[in-house]
Amino acid sequence: MPTEYKRQKTGAVRGTWTEDNLKEAIARLQARESRVNEAARYYGISSRSLRRRKQSGNMAKLPLGPQGVLGTENYKLLVRHIQQLEKVGFSPTRENIRS
């Protein structure tokens, strides 16, 4: 299975905003209804992220943490195949899967 990033309970709050929050914040900035720091505080986005995304026009929020090498779909296919092998009595080892 791919490693899935799980946010720790303690520590900095990162990436808790949504794309909708980002779009609304940038719309308020462009309409000059609020300043960057005010919008960042209101929508829960760091001010640096808000400035950077407004300047670049990047509205897509990507997941935090490393991405899997095979991709999510291929990992799911691999897991399904391993489960089918286990059902018929062949439990593959880690070496079998990696080769």
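Every value quoted in this text rests on a predicted model; they were computed, and no experiment measured them.

Participant: Just give me the short version of the side chain of S34, but keep the residues and values in it.
Facilitator: With respect to the helices and strands, S34 occurs in the loop between α1 (19-30) and α2 (36-43). Filtering out sequence-adjacent residues up to four positions away, S34 remains in contact with R28, L29 and A39.

Participant: So, the packing of α2 against helix α3 (residues 47-56): which residues are in play, and what are the values?
Facilitator: Between α2 and α3, whose axes approach to 9 Å, the crossing angle comes to 115°. In this view, α2 runs roughly perpendicular relative to α3, as classed from their interaxial angle. Of the two elements, α2 crosses α3, and the hand of that crossing is right-handed. Of the residues in α3, those touching α2 at V36, N37, A39 and A40 are S47, L50 and R51. Classifying every residue of the contact of α2 with α3 gives four nonpolar, two polar and one charged.

Participant: Mind laying out the environment of R53, listing which residues take part and the relevant values?
Facilitator: Summarising the element assignment, R53 is placed in helix α3. For R53 and K23, which are 30 residues apart along the polypeptide, the C-alpha to C-alpha distance reads 9.8 Å. Among all residues touching R53, those that are not within four sequence positions of it are W17, L22, I26, N58, M59 and A60. A polar atom in the side chain of R53 sits 3.4 Å from the backbone oxygen of N58.

Cut-offs and rules
- Residues numbered from 1 in each chain as written.
- Predicted model: local features only at pLDDT ≥ 70, side-chain atom pairs only at ≥ 80, totals over all residues.
- Heavy atoms only, no water.
- Helix = DSSP H or I, 4+ residues; strand = E, 2+ residues; numbered from the N terminus.
- Contact = heavy atoms within 4.5 Å.
- Axes fitted to C-alpha atoms, helices over the stretch in contact; angles between N-to-C directions.
- Parallel < 35°, antiparallel > 145°, perpendicular 65-115°, else oblique.
- Left-handed = near helix turned anticlockwise from the far one by under 90°.
- Nonpolar A, V, L, I, M, F, W, Y, C, P; charged D, E, K, R; others polar.
- Polar contact = N/O pair within 3.5 Å; in protein donor to acceptor, adjacent residues only side chain to side chain.

So yeah, pure geometry; function would need other evidence.
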